[in-house]
Amino acid sequence: MAQFLLETVWLVPCYALIGGLLAIPWSPGIIRRIGPRPAGYVNLMMTFLALVHSVIALQASWNQPPQEIFIPWLSTAGLNLTIALDISSVSVGAMVVVTGLNWLAQVFAIGYMEMDWGWGRFYSLLGIFEAGLCALALCNNLFFSYVILEILTLGTYLLVGLWFSQPLVVTGARDAFLTKRVGDLFLLMGVLGLWTLSGTWNYTELGVWAANTQVDAGVITLVGLALVAGPMGKCAQFPLHLWLDEAMEGPIPSTILRNSVVVASGAWVLIKLQPVLTLSPVVSSFIVAVGAVTAVGASLIAIAQVDLKRCLSYSVSAYMGLVFIAVGVQQEETALLLVLTHAVASALLVMSTGGIVWNNITQDVTQLGGLWKRRPFSGLAFIVGTLGLIGFPPLGSFWALLKLADGLWASYPWLVGVIITVNALTAVSLTREFGLIFGGKAKLMSERSPEVHWPMIVPMMILFGFVLHLPLVLQSLSILPTWANLNKDVALLLIWSSIFGCSISGVIYLGNIPKPVRLPWQGLQNLLAYDFYTPKIYRMTIILGVAQLSKFADMMDRFVVDGIVNLVGLFSLLGGEGLKYSNSGQTQFYAFTVLVAIGIFGAWITWPFWGVQLLSLIF
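What counts and how
- Residues numbered from 1 in each chain as written.
- Predicted model: local features only at pLDDT ≥ 70, side-chain atom pairs only at ≥ 80, totals over all residues.
- Heavy atoms only, no water.
- Helix = DSSP H or I, 4+ residues; strand = E, 2+ residues; numbered from the N terminus.
- Buried < 20%, exposed > 50% of the residue type's maximum accessible area, 1.4 Å probe, protein only.
- Contact = heavy atoms within 4.5 Å.
- Areas by Shrake-Rupley, 256 points an atom, 1.4 Å probe, with all protein chains shown as cover.
- Axes fitted to C-alpha atoms, helices over the stretch in contact; angles between N-to-C directions.
- Left-handed = near helix turned anticlockwise from the far one by under 90°.
- Nonpolar A, V, L, I, M, F, W, Y, C, P; charged D, E, K, R; others polar.
- Salt bridge = Lys/Arg side-chain N within 4 Å of Asp/Glu carboxyl O.
- UniProt positions renumbered as here; feature names shortened; annotations may be inferred.
- Parallel < 35°, antiparallel > 145°, perpendicular 65-115°, else oblique.

- Under an unreviewed UniProt entry, the name given to the protein chain is NAD(P)H-quinone oxidoreductase subunit F, and the source organism is Chrysosporum bergii ANA360D.

Right, dumping it as structure tokens:
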């Protein structure tokens with residue numbers, strides 16, 4: 001039975017797709033009598049079926065060689081597009097994470113969107129999202145991975161814009177779509193350029209080609225940079241990071257997926273392309289530089305935010321920056337472990353804060369406080385999510401960060417400093433958020449803020465337990481290092497950075513220090529609070545340039561293109577009016593007009609002949 005489910009594991013994306021399609025009739029209100037709730041229940045059942053299928057398939061695939069399935073799709077004009085599926089423990093494990101988190105998000109949505117009018121459309125989009133992510137995990141072809149990423153970009157736009165009657169939601173959906181399109185455009189250039197070099201889009205064949213090829217350094221550098229641009233947008237890396245915090249305007253249940261696994265879709269493609277990217281040292285250095293800048297910069301920005309959801313969004317960008325560093329230094333297994341540990345901890349943090357957004361008037365953390373007694377489950381979930389996201393033993397991210405820093409200890413010690421710094425800043429940011437929300441005394445905006453009801457508590461507690469038991473799961477799969485091989489220096493640095501960050505922030509935000517806390521330099525505080533003025537730089541450069549170019553194109557269209565057409569039309573109109581008023585009604589006049597016109601036309605045609613003769617007679 002398990003072997004059969006492994007061989008048919010390609011059906012897992014189909015379950016979610018079927019659930020999404022079955023929910024469509026409730027979206028536009030075709031089915032009215034029973035309400036839209038069955039759309040959610042149908043998707044819950046299909047996602048649970050996909051989860052069970054993938055879990056059993058994972059057990060069957062563990063310690064087994066990867067299998068590859070080829071599905072012919074299009075063959076024409078020398079172009080052979082075949083859908084290649086990679087069935088391995090890594091790809092099936094990724095589907096377990098996607099389906100598990102999506103199922104918990106859907107249960108959470110039952111409570112969060114209890115009275116929402118967009119229930120059917122929301123669950124339909126969640127089903128399509130799950131199908132796309134599972135298909136991406138199985139896909140072993142770069143071209144089809146690009147197609148799936150485009151579908152996910154469209155899904156992000158539709159999910160963020162679910163409440164399209166709100167201006168901020170429309171702006172967030174638009175900016176998320178357009179920002180990702182910038183990276184996707186360069187990614188498409190890289191996909192096409194890589195085909196001309198290698199003649200294949202299959203990841204396995206690309207790895208063999210990269211190991212046995214000699215290619216021009218300049219060409220592979222340009223192609224590699226284009227391939228990196230797409231994941232930069234998907235993973236919200238500088239400077240394509242602004243979309244993630246604006247996408248927080250969408251429903252919280254979709255944010256659970258977006259902050260955990262959707263942002264990792266770009267990292268997944270980047271990990272798959274790692275053998276190709278290492279052909280150019282410039283590309284590898286660029287990946288490391290982007291990851292380091294984003295990790296440190298986003299961690300600093302998160303500390304200065306006051307919006308509940310934006311504090312978390314910048315922490316996501318920072319963690320994805322660490323994944324970029326792992327890919328740039330060729331630590332693919334570490335990158336996958338970072339993605340896993342981040343996914344579960346980040347999803348738990350979103351669930352914890354989602355309940356606060358659900359039944360509170362404000363999302364401003366400076367106006368909250370004193371919620372520990374009112375929301376004990378949410379508070380515990382936030383603590384465990386925080387500890388699971390920083391280097392706190394024995395939880396998951398400690399081992400992932402330790403493995404990354406240990407691999408860099410001898411060759412790139414400055415990157416170890418980046419990791420330690422980011423870990424400390426993340427601890428400061430999340431502890432600050434916990435202190436402002438749950439610590440202190442209740443304020444006017446948080447006096448009446450009871451704990452959420454059971455559909456939101458149950459998935460939170462399930463994920464709470466999984467985050468706590470993730471090290472045991474990793475240990476049973478022989479992924480964690482043994483104590484004998486543990487780098488004690490790196491482990492102590494990580495532990496002390498976590499303790500230092502949590503302690504400093506705890507003293508400030510859980511103590512009696514007057515708030516709000518301000519930095520000594522107002523300019524530095526504004527720099528962090530306003531995202532290094534990145535939106536203003538966008539407006540002064542890209543947006544202004546596009547606006548001026550659009551005005552110039554409009555002017556050329558109105559005065560040059562339309563001007564020529566209108567001039568010809570004016571001459572035609574004047575000629576017609578002249579003929580109209582010069583008509584006498586006599587046949588001989590019409591014949592004379594035709595003869596004159598023919599004569600002028602004939603003279604124009606024969607001018608090269610008789611004009612030369614005339615000039616020779618004169619001179």
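### Comments concerning the overall build of the protein chain
Right, so step 1: Tallying secondary structure elements over the protein chain gives 25 helices and 2 strands in all.
Right, so step 2: Taken across its 619 residues, the protein chain has 51% of its residues classed as buried.
Right, so step 3: Look at the contacts in the protein chain between residues 6 or more apart in sequence, and 80% of them connect residues 24 or more apart.
Right, so step 4: Carbon and sulfur atoms form 71% of the exposed surface of the protein chain, whose accessible area is close to 28700 Å².

### A word on the packing of helix H7 (residues 167–198) against helix H9 (residues 217–234)
Right, so step 1: For the pair H7 and H9, the least separation of the axes is 7 Å and the interaxial angle reads 145 degrees. The chirality of how H7 crosses H9 is left-handed. Side by side, H7 and H9 meet where Lys180, Gly183, Asp184, Phe186, Leu187, Gly190, Val191, Gly193, Leu194 and Leu197 of the first sit next to Val219, Ile220, Val223, Ala226, Leu227, Ala229, Gly230, Gly233 and Lys234 of the second.
Right, so step 2: Along the lines of polarity and charge, the residues of the contact of H7 with H9 split into 11 nonpolar, 5 polar and 3 charged.

### Some points on unusual backbone geometry
Right, so step 1: Looking along the chain, the bond that leaves Phe238 and enters Pro239 is cis, with omega of 0 degrees.
Right, so step 2: Along the chain, the position of Pro239 falls in the loop between H9 and helix H10 (242–246).
Right, so step 3: In this structure, Ala236 takes a positive phi of about 55 degrees despite not being glycine.
Right, so step 4: The topology assignment puts Ala236 in the loop between H9 and H10.
Right, so step 5: Phi at Gln330 is positive, roughly 65 degrees, even though this residue is not glycine.
Right, so step 6: Checked against the element boundaries, Gln330 lands in the loop between helix H15 (308–328) and helix H16 (332–358).
Right, so step 7: We classify Gln330 as partly exposed; its relative accessible area is 47%.

### Considering the pattern of salt bridges
Right, so step 1: One pass over the structure, following the stated rule, counts 4 salt bridges.
Right, so step 2: A salt bridge links Asp86 to Lys272; the shortest N-O distance between them is 3.6 Å. Of this pair, Asp86 sits in strand E2 (residues 79–87) while Lys272 sits in helix H12 (residues 264–272), and the two are 186 residues apart along the sequence.
Right, so step 3: For Asp86, a relative accessible area of 14% corresponds to the buried category.
Right, so step 4: Across the pair Arg375 and Glu451 runs a salt bridge whose closest N-O atoms are separated by 3.9 Å.

### Let's talk about the UniProt feature "domain: NADH:quinone oxidoreductase/Mrp antiporter transmembrane" (unreviewed entry) in the protein chain
Right, so step 1: Residues annotated in UniProt with the feature "domain: NADH:quinone oxidoreductase/Mrp antiporter transmembrane" (unreviewed entry) correspond here to residues 140–422.
Right, so step 2: In residues 140–422, the share of helix is 76% and the share of strand is 0%. The end C-alpha atoms are 33 Å apart.

### A word on the environment of Arg37
Right, so step 1: Mapped onto the fold, Arg37 is located in helix H3 (residues 37–61).
Right, so step 2: Judged by its relative accessible area of 29%, Arg37 falls in the partly exposed class.
Right, so step 3: When the C-alpha atoms of Arg37 and Met115 are compared, they prove to be 9.8 Å apart, with 78 residues separating the residues in sequence.
Right, so step 4: Contacts of Arg37, omitting those with residues within four sequence positions, involve Ile110, Glu114 and Trp119.

### Re the packing of helix H18 (residues 396–408) against helix H19 (residues 413–438)
Right, so step 1: Interaxial distance between H18 and H19 falls to 8 Å at its minimum, and their mutual angle equals 155 degrees. With respect to H19, the axis of H18 lies roughly antiparallel. Within the contact between the two elements, H18 uses Leu401, Leu404, Ala405 and Leu408 and H19 uses Pro413, Leu415, Val416, Ile419 and Asn423.
Right, so step 2: A breakdown of the residues in the contact of H18 with H19 according to their chemical character gives 8 nonpolar, 1 polar and no charged.

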